Each structure stands twice: as C-alpha cells, then as structure tokens.
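Now for the letters of each chain:
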Amino acid sequence: MAEGENGNFWLGVVVGWVIMVIVDLVVPVVGPLAGGFAAGYIARGGAWNGGKAGALAGILGGVIVAILILIGATAFLGGVGFLAGFFVGTLLVVGVFLYLGILAFIGGAIAGAMRD
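An account of the accompanying structure is given in this report.

Rules used in this analysis
Residues numbered from 1 in each chain as written. Predicted model: local features only at pLDDT ≥ 70, side-chain atom pairs only at ≥ 80, totals over all residues. Heavy atoms only, no water. Helix = DSSP H or I, 4+ residues; strand = E, 2+ residues; numbered from the N terminus. Buried < 20%, exposed > 50% of the residue type's maximum accessible area, 1.4 Å probe, protein only. Areas by Shrake-Rupley, 256 points an atom, 1.4 Å probe, with all protein chains shown as cover. Core = buried A, V, L, I, M, F, W, Y, C linked by side-chain atoms within 4.5 Å. Phe/Tyr/Trp six-rings, centres within 6.5 Å; stacked < 30°, edge-to-face > 60°.

### Observations concerning the overall build of the protein
And then number 1: In terms of helices and strands, the protein carries 3 helices and 0 strands.
And then number 2: Going from N to C terminus, the protein has its helices and strands arranged as α-α-α.
And then number 3: In the protein, buried positions account for 34% of the 116 residues.
And then number 4: For the protein, the computed accessible surface area is about 6,300 Å², with 82% contributed by carbon and sulfur atoms.

So this is what it looks like as structure tokens:
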C-alpha cells in the first residue's frame with residue numbers, strides 16, 4: 001500500500017462490504033464477488049492489494065454475522081444461548097471466512113488488476 005492510498009483501501013473495504021450485503025440478499029454467490037470487485041476497484045494498488053481489500057470486506061461480513069448470532073442467541077436464551085451462540089458463531093465464522101473471503105478476494109484481485 002502506498003502512502004496516499006491508505007484512505008482508499010479502508011473506504012474500499014467498507015463500500016465492498018455494503019455492496020456484498022445488498023447483492024448477497026438477492027444473489028448469494030454474486031454478492032461476495034461484486035463486493036470484492038468494488039473493494040478492489042476503490043482500493044487500487046494492483047491485484048494483490050485489491051484482493052486484500054476484497055478479502056477484508058468478506059471477513060468483516062463474517063464477523064458481523066457471528067456477532068449478530070451471539071447477541072440474538074443470548075437475548076432469547078440467556079446464558080445457555082450465549083454458549084450456543086458462541087459455538088455456532090465460531091463455526092460460522094470459519095465457514096463464512098472461507099466462503100465470503102475467498103470469493104471476495106477473487107473479485108478484488110480481478111478489479112485491482114483491471115484498475116492498474
């Protein structure tokens with residue numbers, strides 16, 4: 001990452017995440033690719049930097065989903081729900097990291113390569 005591109009990188013991650021969430025509601029597999037593409041295009045810096053921005057957008061989505069599951073399980077079931085939510089959230093984070101992270105990395109790498 002170059003000195004002046006720091007703001008673009010994180011802006012790309014956030015915008016990519018938002019696009020990923022919106023598109024993923026309609027077309028599940030295209031959502032991470034589109035979000036990663038947007039993140040990589042905004043982040044600039046070549047295929048590697050675009051891929052990193054896309055992957056971070058995907059990981060951000062996975063973390064937020066796990067937090068929402070933990071909060072929801074705790075609210076409905078109390079302490080037992082917290083333990084169940086923590087277990088399910090942990091397993092889900094691993095799966096979502098792989099699913100969203102890899103697809104978003106691919107989309108970001110394509111956009112980063114196209115942008116340079």
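### Overview of unusual backbone geometry
And then number 1: A positive phi angle, close to 60°, is found at Arg44, a residue other than glycine.
And then number 2: One can find Arg44 in the loop between α2 (30-43) and α3 (46-115).

### Some words on the nonpolar core
And then number 1: Residues Phe9, Val13, Met20, Ala39, Ala43, Ala53, Ala57, Val96, Leu100 and Ala104 constitute the largest nonpolar core, which totals 10 residues.
And then number 2: Secondary structure elements with two or more residues in this core: α1 (6-26), α2 and α3.
And then number 3: Looking at this core, the element that brings in the most residues is α3, giving 5 residues.

### Some thoughts on the packing of aromatic side chains
Two numbers describe a pair of aromatic rings. These are the distance of the centres and the angle of the planes.
And then number 1: Here the structure, examined in full by the defined rule, presents 3 aromatic pairs.
And then number 2: A centroid spacing of 5.8 Å and a plane angle of 75° characterise the contact between Trp48 and Phe105, whose relative ring orientation is edge-to-face.
And then number 3: Overall, the relative accessible area of 28% leaves Phe105 in the partly exposed class.
And then number 4: When the centroid spacing of 6.4 Å and the interplanar angle of 20° are considered together, the rings of Phe82 and Phe86 count as stacked. With Phe82 and Phe86 both in helix α3 and 4 residues apart, the pair spans about one turn of that helix.

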